[in-house]
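Here are the chains, one letter per residue:
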Amino acid sequence: MIAKNEILETINMISMQNLDVRTITLAVSLFDCISDDGEKTCRKIYDKLTRLAGKLVAIGNEIGLEFGIPIVNKRISVTPISVIGASSGAYVEIARTLDKVALETGVDFIGGYSALLQKGITNAEQRFLQTIPQVLAETNKLCCSVNVASTKAGINMDAVKQMGEIVKKTAEITADRNSIGCAKLVVFANSVEDNPFMAGAMCGIGEGECTVNVGVSGPGVVEKAIKDLPENASLTDVAEIVKKTAFKITRVGMLIAKEAAKRLNAKFGIVDLSLAPTPAVGDSVASVLEAMGLESVGAHGTTACLALLNDAVKKGGVMACSHVGGLSGAFIPVSEDAGMISAVERGALSIEKLEAMTCVCSVGLDMIAIPGDTSASAISAIIADECAIGVVNNKTTAVRVIPAVGKKVGERVEFGGLLGGAPVIKINSFGADKFIARGGRIPAPIHSNKN
């Protein structure tokens with residue numbers, strides 16, 4: 001039997017502490033849409049996605065009202081388009097079709113304009129890469145991800161070099177919109193196949209026909225739980241209360257995921273445990289860390305606090321749901337977290353500290369505005385560093401940086417909505433041009449050889 005205080009606690013989580021289901025993402029396989037005729041491929045993609053996802057938004061809204069739990073985003077992810085479009089070569093046309101589907105179905109984003117390049121690049125994938133800046137400039141809701149490294153394969157530095165150039169070009173051709181194209185582009189190491197969060201969501205090649213993946217978020221709930229502890233509570237006590245809170249949050253996600261799967265005639269995939277912040281006050285991962293005792297996120301001790309948080313969230317979540325996946329950690333996107341924004345503005349948080357923090361959490365250097373005159377090779381070097389962390393530590397890491405054209409350190413760039421806005425952060429002024437120009441592959445670490 002559910003106790004009265006548990007019901008009231010859940011109500012307070014939703015009404016006062018910003019607990020929500022951040023996204024219901026419907027992952028759809030497009031393998032049966034492959035054709036050497038681009039027009040035919042696009043038609044099959046459009047027909048399949050509108051048939052399977054046509055009611056996604058309406059069903060998400062219905063469930064939210066019935067259960068009294070806000071469902072913030074409804075999204076679609078698809079099989080990596082670098083594979084689906086290889087036969088026809090109609091990448092740009094497919095991208096336009098996906099964006100049309102997103103607009104007509106009313107979803108917030110559609111992901112899967114993606115490629116897996118951790119070991120090499122095929123001729124078709126090379127053509128795909130060249131379309132990315134144009135596609136992100138022309139579409140509104142399409143998101144792109146490229147995996148350039150894995151623990152098993154090492155780091156494909158040829159791909160890393162190209163992605164630095166692509167990020168730079170994307171920023172330039174969307175400069176009239178604060179370089180927003182880069183906010184829809186993420187570069188991964190060890191990307192996962194069932195990620196429900198954008199910009200990296202895709203329906204991996206090992207996934208089923210049609211699957212519901214859900215991401216639940218509750219930084220405000222975790223912050224409140226920590227603040228309710230006695231002042232002399234130990235860090236063991238902090239870890240315990242975070243675990244218990246994560247358990248409750250994940251239970252909410254599993255309930256919504258199973259109900260959505262049933263109504264959409266899809267399979268239940270996973271619940272992603274990630275604590276994903278928003279620009280709203282009271283919905284910040286930075287504030288959770290400060291509730292542990294930091295004067296400001298970015299201070300010495302921040303990485304340790306984040307490690308505790310990430311571990312406790314995972315331990316609580318996996319006890320609540322048998323199918324946990326996606327990224328499942330604590331996101332630290334600068335532009336999407338009011339506390340992170342404040343820390344950067346007061347000089348407490350640097351890109352170097354953010355990189356250190358990514359060693360212990362998901363998912364990487366995320367939604368960080370950097371000076372618009374940053375070189376492509378510098379962007380590639382930032383990607384390479386983050387990939388090294390992911391490859392050596394056998395975890396997912398990523399880079400989503402926005403070279404804000406025309407903006408300098410300290411100036412602010414606005415993206416709007418969930419993407420928020422952020423101050424332009426300083427990066428190291430010394431170059432790595434010769435390192436990036438070498439190309440080739442950084443070999444996989446010795447511990448990758450487990451066969």
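Coordinates for the structure precede this section.
What you see as residue numbers is a count from 1 along each chain, following the sequence as written. In keeping with the predicted nature of the model, local features appear solely for residues at pLDDT of at least 70, side-chain atom pairs appear and are counted solely at 80 or more, and the whole-chain, interface and lining totals rest on all residues. Heavy atoms throughout the structure, all of them, feed into the side-chain values; hydrogens and water do not.

## Quick notes on the overall build of the protein
Here is step 1: Helix and strand definitions here come from DSSP, where helices need a minimum of 4 consecutive H or I residues and strands a minimum of 2 consecutive E residues; each element is numbered from the N-terminal end. Per the secondary structure count, the protein includes 15 helices and 14 strands.
Here is step 2: In terms of C-alpha radius of gyration, the protein reaches 21 Å, essentially the compact-globule figure of 22 Å for 451 residues.
Here is step 3: If one aligns the C-alpha atoms of the protein with their principal axes, the spans along those axes are about 60 × 55 × 50 Å.
Here is step 4: Contacts are residue-level and defined by heavy atoms, with any inter-residue pair within 4.5 Å sufficient. Of all intrachain contacts in the protein linking residues separated by at least 6 positions in sequence, the fraction that spans at least 24 positions is 79%.
Here is step 5: Accessible areas in this description were obtained via Shrake-Rupley with a 1.4 Å probe; residue shielding takes into account the shown protein chains only. Of the roughly 17,800 Å² of accessible surface on the protein, a fraction of 53% belongs to carbon and sulfur atoms. Put simply, the radius of gyration uses C-alpha atoms, and a globule should come to 2.2 Å times the residue count raised to 0.38.

## What to know about the packing of aromatic side chains
Ring pairs (aromatic) are described by centroid distance and by the angle formed between their planes.
Here is step 1: When two rings of Phe, Tyr or Trp (its six-membered ring) have centres within 6.5 Å they constitute a pair, described as stacked for plane angles under 30 degrees, edge-to-face for angles over 60, and tilted for the intermediate range. By the definition in use, this model includes three aromatic pairs.
Here is step 2: For the pair Tyr91 and Phe128, a centre-to-centre distance of 5.3 Å together with 80° between the ring planes defines the contact as edge-to-face. One end of the pair, Tyr91, is in helix H5 (residues 91-105); the other, Phe128, is in helix H6 (residues 123-138), with 37 residues separating them in the sequence. We note that Tyr91, like Phe128, is buried.
Here is step 3: Here the aromatic rings of Tyr113 and Phe128 are separated by 4.6 Å at their centres, their planes lie at 35°, and the arrangement is tilted. Here Tyr113, found in strand E3 (residues 109-116), pairs with Phe128, found in helix H6; they are 15 residues apart in sequence, far enough to count as distant. The pair Tyr113 / Phe128 is uniform in exposure class, with both members buried.
Here is step 4: Among the aromatic residues, those joined into a cluster by ring pairs are Tyr91, Tyr113 and Phe128.
Here is step 5: Cation over ring: Lys100 sits above Tyr46, and NZ or CZ is 4.9 Å from the ring centre. Burial status follows relative accessibility: with a 1.4 Å probe on protein chains alone, a residue under 20% of its type maximum counts as buried, one over 50% as exposed, and anything between as partly exposed. In this scheme, the term charge over a ring applies when either NZ of a lysine or CZ of an arginine sits within 6 Å of the ring centre and within 35 degrees of the ring normal.

## Quick word on a nonpolar patch on the surface
Here is step 1: Candidate patch residues must exceed 30% relative accessible area and have no salt bridge, after which like charges are joined if within 9 Å and Val, Leu, Ile, Met, Phe, Trp or Tyr side chains if within 5 Å. We count a salt bridge whenever a side-chain nitrogen from Lys or Arg sits within 4 Å of a carboxyl oxygen from Asp or Glu. On the surface, Phe31, Ile34, Val83 and Ile205 cluster together into a nonpolar patch covering about 310 Å² of accessible area.
Here is step 2: Take Phe31: it is sitting in the loop between strand E1 (20-28) and helix H2 (38-53).
Here is step 3: Accessibility expressed as a relative area gives 37% for Phe31, which makes it partly exposed.

## Examining the pattern of salt bridges
Here is step 1: Taken as a whole and assessed by the stated rule, the structure comprises 18 salt bridges.
Here is step 2: With a shortest N-O distance of 3.7 Å, Glu62 and Arg263 are connected by a salt bridge. Note that Glu62 is positioned in helix H3 (residues 56-67) and Arg263 in helix H9 (residues 235-263), a separation of 201 residues in sequence.
Here is step 3: One salt bridge connects Arg412 with Glu414, and the closest N-O pair in it is separated by 2.5 Å.

## Focus on the side chain of Thr211
Here is step 1: Examined against the element boundaries, Thr211 turns out to sit in strand E7 (residues 210-217).
Here is step 2: Taking the relative accessible area as the measure of exposure, Thr211 reaches 6% and is therefore buried.
Here is step 3: Contacts of Thr211, omitting those with residues within four sequence positions, involve Thr25, Leu26, Ala27, Ala266, Lys267, Phe268 and Gly269.

## Let's talk about the packing of H9 against helix H11 (residues 302-320)
Here is step 1: Where H9 contacts H11, the two axes come as close as 7 Å, and the packing angle between them is 45°. Taken together, the axes of H9 and H11 lie oblique to each other. As for how H9 packs across H11, the hand of that crossing is right-handed. Within the contact between the two elements, H9 uses Leu235, Val238, Ala239, Val242, Lys243, Ala246, Phe247, Thr250, Arg251 and Met254 and H11 uses Leu308, Leu309, Ala312, Val313, Lys315, Gly316, Gly317, Met319 and Ala320.
Here is step 2: Here the term charged refers only to Asp, Glu, Lys and Arg, the term nonpolar to Ala, Val, Leu, Ile, Met, Phe, Trp, Tyr, Cys and Pro, and the term polar to all other amino acids, Gly among them. Of the residues contributing to the contact of H9 with H11, the split by class is 13 nonpolar, three polar and three charged. Throughout, an axis means a line fitted to C-alpha atoms (over the contacting stretch in the case of helices), and angles, computed between N-to-C directions, take values from 0 to 180 degrees. Any angle that falls under 35 degrees is termed roughly parallel, while one over 145 is termed roughly antiparallel, one within 65 to 115 roughly perpendicular, and all others oblique. Here a crossing is taken to be left-handed if its near helix is turned anticlockwise relative to the far helix by less than a right angle, and right-handed if that turn runs clockwise.

## Section: unusual backbone geometry
The general pattern is negative phi for most residues beyond glycine and trans for most peptide bonds.
Here is step 1: Cis peptide bonds are those with omega within 30 degrees of zero, and the linkage from Met198 to Ala199 qualifies with 15°.
Here is step 2: By the secondary structure assignment, Ala199 is in the loop between strand E6 (185-189) and E7.
Here is step 3: Even without being glycine, Asn265 reaches a positive phi, approximately 55°.
Here is step 4: Take Asn265: it is sitting in the loop between H9 and strand E8 (267-272).
Here is step 5: Positive phi, close to 55°, is recorded for Asn394, a residue that is not glycine.
Here is step 6: Of note, Asn394 is situated in the loop between helix H14 (376-393) and strand E11 (397-404).

## Considering helix H8 (residues 219-227)
Here is step 1: Burial analysis of H8 places seven of its nine residues in the buried class, which makes it a mostly covered element.
Here is step 2: For H8, the complete set of buried residues consists of Pro219, Gly220, Val221, Val222, Glu223, Ala225 and Ile226.

## Digging into H2
Here is step 1: Given a helix with a known number of residues, its expected span is that number minus one, times 1.5 Å. An ideal rise of 1.5 Å per residue puts 22 Å on 16 residues; H2 measures up with 22 Å between its terminal C-alpha atoms.
Here is step 2: All buried positions along H2 are accounted for by Gly38, Thr41, Cys42, Ile45, Lys48, Leu49, Leu52 and Ala53. Projected down its long axis, H2 carries its buried residues within an arc of 140°, all on one side. Facing away from the buried surface of H2 by more than 90 degrees, the exposed residues are Glu39 and Arg51.
Here is step 3: Pairs of N or O atoms are called polar contacts if they sit within 3.5 Å, as long as, within protein, a hydrogen donor faces a hydrogen acceptor (for residues adjacent in sequence, only side-chain-to-side-chain pairs). The backbone nitrogen of Glu39 lies 2.9 Å from a side-chain oxygen of the residue at the head of H2, namely Asp37. Picture the helix axis, draw a direction to every C-beta atom, and the arc is the one those directions span.

## Describing the packing of helix H7 (residues 157-173) against H14
Here is step 1: It is at 8 Å that the axes of H7 and H14 come closest, and there the two elements cross at 130°. Relative to H14, the element H7 is oriented oblique. Note that H7 runs across H14; the crossing there is right-handed. Here H7 contributes Met157, Val160, Lys161, Met163, Gly164, Glu165, Val167 and Lys168 to the contact with H14, which in turn contributes Ala376, Ile379, Ser380, Ile383 and Ala384.
Here is step 2: Looking at the contact of H7 with H14 residue by residue, the classes come out as eight nonpolar, two polar and three charged.

## Quick word on the nonpolar core
Here is step 1: Only buried residues count toward a nonpolar core, which is a set of Ala, Val, Leu, Ile, Met, Phe, Trp, Tyr and Cys residues joined through side-chain atoms within 4.5 Å. Judged by nonpolar contacts, the single largest core of 130 residues is most densely connected at Leu49, Ile81, Tyr113, Ile132, Val148 and Leu309.
Here is step 2: With 13 residues, the next largest nonpolar core counts Phe109, Cys143, Val186 and Leu327 among its residues.

## Let's talk about the side chain of Arg22
Here is step 1: The topology assignment puts Arg22 in strand E1.
Here is step 2: On the accessibility criterion, Arg22 (2% relative accessible area) is buried.
Here is step 3: Residues within four places of Arg22 in sequence aside, it is in contact with Val72, Asn73, Phe197, Gly215, Val216, Ser217, Ala276, Pro277, Thr278 and Asp283.

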